[in-house]
Amino acid sequence: MDDTSAEDGVEIRPDTDGHIGRRTLLASGARLAVGAGVLGTAAATQGGTAAAAAPSARHRATGLRLPDTALARQAMRFARDESSEILFNHVMRSYHFGVLLLERAGARYDRELLFIGSVLHDLGLVERFTTPTERFELDGADAARRFLRERGMAADRVDVVWDAIALHTNATIAARKRPEIAAVAAGAGVDVGGRGLEALDPDDVAAVVAAHPRTGFKRDTVDTMVDQCRRKPMAYFAHPFAEVGRRHIPGFAVPTVEDVVLAAPFPD
């Protein structure tokens with residue numbers, strides 16, 4: 001558990017290797033409600049690592065630092081080594097956006113769990129971890145679980161990371177879970193589609209993007225979705241990727257939910 005406390009804000013800059021170290025951002029302005037209920041339930045949960053802090057009229061967010069644990073460092077190196085630069089920058093931005101959203105909501109959380117869930121959340125899009133039949137969230141969750149078990153992470157903590165990765169494309173369900181799970185989905189949602197962006201200070205957002213640039217991210221993301229749909233179309237039945245597949249792949253054969261209902265083997 002990392003019960004964060006307010007620190008003086010300083011300019012955030014990449015370290016020499018291009019990553020954010022233990023520096024801070026100043027988040028000023030009135031307390032903002034997290035957009036679209038992205039973290040509403042999880043942040044308000046009482047007890048355990050999800051205990052909420054009382055909101056204040058003006059909120060000074062804790063610095064966007066990385067957790068200083070051996071396992072967090074190993075997870076970051078693993079993600080960096082296995083991922084493209086575009087994908088690695090995305091997972092790092094997702095972590096920082098998740099932190100900002102949780103702290104705007106006044107939640108306490110386990111920084112190591114949030115960080116590891118965030119930086120490993122897209123392993124399922126890496127060639128080495130892609131299976132022929134599973135959707136990418138499950139491939140990624142399974143790959144992360146193997147990685148963490150090999151390094152001796154406690155089983156209950158591995159389960160939190162698995163859930164965070166498996167649920168990260170379903171923000172409405174993730175929001176009902178503990179803050180670390182909710183924030184992996186919410187942070188990725190900010191970066192992919194801007195969901196909840198209005199809850200963040202523009203200066204904070206600019207600093208995160210400067211440290212981990214979005215160069216080519218939109219096009220790469222769409223191309224990745226199309227590739228996943230070509231490789232294993234039925235893995236994406238009733239999944240948001242299927243919408244992309246139908247637009248870009250001629251004759252995309254994955255049925256809609258309506259098709260399945262109407263084809264059910266019953267007389268009515």
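Residues numbered from 1 in each chain as written. Predicted model: local features only at pLDDT ≥ 70, side-chain atom pairs only at ≥ 80, totals over all residues. Heavy atoms only, no water.

## Considering a nonpolar patch on the surface
To keep things clear, this is the line we draw: For patches, a residue must show more than 30% relative accessible area and have no salt bridge; joins then use 9 Å for like charges and 5 Å for nonpolar side chains, namely Val, Leu, Ile, Met, Phe, Trp and Tyr. Per-residue accessibility takes into account occlusion by the displayed protein chains alone, with areas from the Shrake-Rupley method and a 1.4 Å probe. The salt bridge criterion pairs a side-chain nitrogen of Lys or Arg with a carboxyl oxygen of Asp or Glu, the two atoms within 4 Å. Helix numbers and strand numbers start at the N terminus; a helix is a DSSP run of H or I with at least 4 residues, a strand a run of E with at least 2.
Taken together, V257, V261 and L262 make up a surface patch of nonpolar side chains, about 320 Å² in accessible area. Counting through the fold element by element, L262 comes out in helix α12 (residues 257–262).

## As for the confidence of the model for the protein
As a reminder of what qualifies: In predicted models, pLDDT denotes the confidence assigned by the predictor to each residue on a 0 to 100 scale. By definition in these notes, contact holds between two residues if any of their heavy atoms fall within 4.5 Å.
Overall, the predicted model of the protein reaches an average pLDDT of 82, with 76% of residues at or above 70. In this model, residues 1–37 is a region of pLDDT below 50 whose contacts with residues beyond four sequence positions or in other chains number 108 contacts.

## Comments concerning the pattern of salt bridges
Note the following rule: A simple rule labels every residue: compare its accessible area, found with a 1.4 Å probe on the protein chains alone, to the largest value its type can have, and call it buried under 20%, exposed over 50%, or partly exposed in between.
Within this structure, the stated rule accounts for 14 salt bridges. Where R157 meets E112, a salt bridge forms, and the shortest distance between an N and an O atom there is 2.9 Å. Of this pair, R157 sits in helix α6 (residues 155–166) while E112 sits in helix α4 (residues 111–119); the two residues are 45 residues apart in sequence, bridging distant segments of the chain. Residue R178 pairs with E180 through a salt bridge whose shortest N-O separation is 2.7 Å. Owing to a relative accessible area of 29%, R178 belongs among the partly exposed residues under this scheme.

## Some words on the packing of helix α5 (residues 136–150) against α6
Note the following rule: Only the stretch in contact is used when fitting a helix axis, every axis being a line fitted to C-alpha atoms; angles between N-to-C directions are given from 0 to 180 degrees. Our angle categories are set so that under 35 degrees counts as roughly parallel, over 145 as roughly antiparallel, 65 to 115 as roughly perpendicular, and the remainder as oblique. Should the near helix be turned counterclockwise from the far one by less than a right angle, the crossing is left-handed, whereas a clockwise turn marks it as right-handed. Residues are sorted three ways: Asp, Glu, Lys and Arg are charged, Ala, Val, Leu, Ile, Met, Phe, Trp, Tyr, Cys and Pro are nonpolar, and all the rest, Gly among them, are polar.
Taken N-terminus to C-terminus, the directions of α5 and α6 make an angle of 160°; their axes are 8 Å apart at the nearest point. Taken together, α5 and α6 sit at an angle that is classed as roughly antiparallel. Relative to α6, the crossing made by α5 is right-handed. On α6, the residues that touch E137, L138, G140, A141, D142, A144, R145 and L148 of α5 are V158, V161, W162, I165 and A166. Along the lines of polarity and charge, the residues of the contact of α5 with α6 split into nine nonpolar, one polar and three charged.

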